[in-house]
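Per-entry structural report
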Amino acid sequence: MRAMMILNEIRRRARHVIGPFLGLTAVVYFAYHTVQGDRGLLAWWRLNQDIKQAEESLAQLEEVRDNLDHRARLLRPDHLDADMLEERARLMLNMGRDDEVIVLRPHS
């Protein structure tokens, strides 16, 4: 009889606790996924970092492309730059004059 009274008391108190417990569990679940989920704050932060790196890489590549475009324009037949032609000829033929000093440097 005493065990039955204790069991009824536990059930009565559990009814008052179960709602707030489920609510707290739902809040914790959604808070966790807001931060850690596939579309959470940390994923958003990582994506922004990737975008910044890609933009920096794009800026560097555009600078290289612009430099190459400029050099290519100097070699066009309608507007041939004599210095550029001489530089390319020396590079392609691997030749120089006797009075010149050649300084080799690695390509960047």
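Presented here is an overview of the structure given in this document. (Residues numbered from 1 in each chain as written. Predicted model: local features only at pLDDT ≥ 70, side-chain atom pairs only at ≥ 80, totals over all residues. Heavy atoms only, no water.)

**Considering the overall build of the chain**
Counting secondary structure elements, the chain contains three helices and zero strands. The N-to-C order of helical and strand elements in the chain reads α-α-α. Expected size for 108 residues packed as a compact globule is a radius of gyration near 13 Å; at 37 Å, the chain overshoots this value by more than 25%. Each principal axis of the C-alpha atoms in the chain carries an extent, and together these give about 115 × 30 × 15 Å. Within the chain, the fraction of its 108 residues that count as buried is 5%. Where the 16 positive side-chain charges of the chain centre and where its 17 negative ones centre are 24 Å apart. (Helix = DSSP H or I, 4+ residues; strand = E, 2+ residues; numbered from the N terminus. Rg over C-alpha atoms; globule rule 2.2 N^0.38 Å. Buried < 20%, exposed > 50% of the residue type's maximum accessible area, 1.4 Å probe, protein only. Lys, Arg positive; Asp, Glu negative; His and termini not counted. Charge placed at Lys NZ, Arg CZ, Asp CG, Glu CD.)

**Description of the packing of aromatic side chains**
One pass over the full model with this rule turns up one aromatic pair. Consider the rings of Y29 and F30, whose centres lie 5.2 Å apart with planes at 80°: the pair is edge-to-face. For Y29, a relative accessible area of 47% corresponds to the partly exposed category. You can call F30 exposed: its relative accessible area is 55%. (Phe/Tyr/Trp six-rings, centres within 6.5 Å; stacked < 30°, edge-to-face > 60°.)

**Considering helix α1 (residues 2-36)**
Helix length check: α1 (35 residues) gives 48 Å between terminal C-alpha atoms against 51 Å at 1.5 Å per residue, within 8%. Within α1, the axis deviates most sharply at V17, by approximately 30°, and proline P20 lies no more than four positions further along. (Expected span 1.5 Å × (residues − 1). Bend = angle between axes of the 7 residues up to and from the residue.)

**Quick look at the environment of H16**
With respect to the secondary-structure elements, H16 resides in helix α1. The exposure class of H16 is exposed, given its relative accessible area of 58%. The spacing of H16 and D98 is 82 residues in sequence and 99 Å in space, taken between C-alpha atoms.

**Looking at the pattern of salt bridges**
Under the definition given, this model contains five salt bridges. For R13, the salt bridge goes to E9, with nearest N and O atoms at 2.9 Å. One end of the pair is R13 and the other is E9, both in helix α1 and four residues apart, which spans about a single turn. Take R13: its relative accessible area is 54%, and that puts it in the exposed class. Across the pair D66 and R65 runs a salt bridge whose closest N-O atoms are separated by 3.6 Å. What makes D66 partly exposed here is its relative accessible area of 43%. Assessed through its relative accessible area of 47%, R65 is described here as partly exposed. Through salt bridges with shared partners, a single network forms among E9, R12 and R13. (Salt bridge = Lys/Arg side-chain N within 4 Å of Asp/Glu carboxyl O.)

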